[in-house]
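# A look at the structure
This is what each chain is made of:
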Amino acid sequence: MKPIHVLNGPNLNRLGTREPEIYGTTTLAEIETMCRRAAGRHPLRFLQSNAEPEIIGWIHEAVDEGAGIIINAAALTFTSLPILDALKMFPGPIIELHISNIHRREPLYHNSLVSKAATAVIVGLGAKGYPLAVGAMLELIGRQKGR
Ligand code: CA2
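Predicted model, so just to flag it, every value in this text is computed and none were measured. (Residues numbered from 1 in each chain as written. Predicted model: local features only at pLDDT ≥ 70, side-chain atom pairs only at ≥ 80, totals over all residues. Heavy atoms only, no water.)

### Some words on the sheet that holds strand S2 (residues 44-48)
The strands making up a sheet associate through backbone hydrogen bonding, with each pair oriented either parallel or antiparallel. Taken together, the 5 strands give an open sheet; going across it, the order is S2-S1-S3-S4-S5, and neighbouring strands pair in parallel fashion. Two strands close off the open sheet at either side, each with one partner strand: S2 and strand S5 (120-123). Adjacent strand axes in the sheet meet at a mean angle of 15 degrees when their direction is disregarded. Sheet topology places strand S1 (residues 4-8) next to S2; 5 bridges connect them, and they run parallel. Within S2, the residue paired with Ile4 across the bridge is Leu44. The strands touched by helix H2 (residues 28-39) within the sheet are S1 and S2, with S2 carrying the most contacts at an inclination of about 165 degrees. The sheet strands contacting helix H5 (residues 129-140) are S1, S2, strand S3 (68-72), strand S4 (94-98) and S5, and the helix crosses S4 at an angle near 170 degrees. (Pairing = 2+ DSSP bridges. Helix = DSSP H or I, 4+ residues; strand = E, 2+ residues; numbered from the N terminus. Axes fitted to C-alpha atoms, helices over the stretch in contact; angles between N-to-C directions. Contact = heavy atoms within 4.5 Å.)

### Concerning the site of the ligand
The ligand sits among 17 residues. The nearest are Asn72, His98, Ile99, Ser100 and Tyr109. A distance of 2.6 Å is found between an oxygen atom of the ligand and a side-chain nitrogen or oxygen belonging to Ser100. Look at the ligand: alone it shows 510 Å² of surface, and the protein chains cover 93% of it. In this structure, the ligand is accommodated by the largest pocket. (Near = heavy atom within 4 Å. Polar contact = N/O pair within 3.5 Å; in protein donor to acceptor, adjacent residues only side chain to side chain. Areas by Shrake-Rupley, 256 points an atom, 1.4 Å probe, with all protein chains shown as cover. 1 Å grid on protein atoms, 1.4 Å probe; cavity = no way out; pocket = protein on both sides within 12 Å on 5 of 7 lines; lining within 4 Å. Sits in = over half its atoms within 2 Å of the grid points.)

Written out as structure tokens, the structure reads:
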């Protein structure tokens, strides 16, 4: 069974430590646990990097052996043409995810490049958006939890 790849960008390893009014108090480790629970027996790769080339490498790995990509590219969402180009190579479903509602924030956060390659977008649901994205991904790739 091909894994679902959950990819997280810069600074998300610091979740739960600062700006709880925007990003909540849930840590990335807790989010990983939520995602694994939502995935059931379906394999899941959960990764975070502060480095753009590493994230691009992980997208390439997903192109070769991934069922679906869930990506919170953090600030790279708005700047990274290389991430957009890599995502365009992926033949399966891509869910873009943001903890905060980027559209309610400053204009700087409005023009997502990732959206231009995404199948669907989940924003503003906090950490709970992650397990919801995993559930949606299981549907998109045609499998139910535990199957
Ligand atoms: O809401 C999201 O998930 C974001 O992708 C988070 C990014 C931001 O640049 C996007 O516009 C929206 C920033 C992540 C920063 O992570 C922090 C972690 C701990 C404390 C403060 C920031």
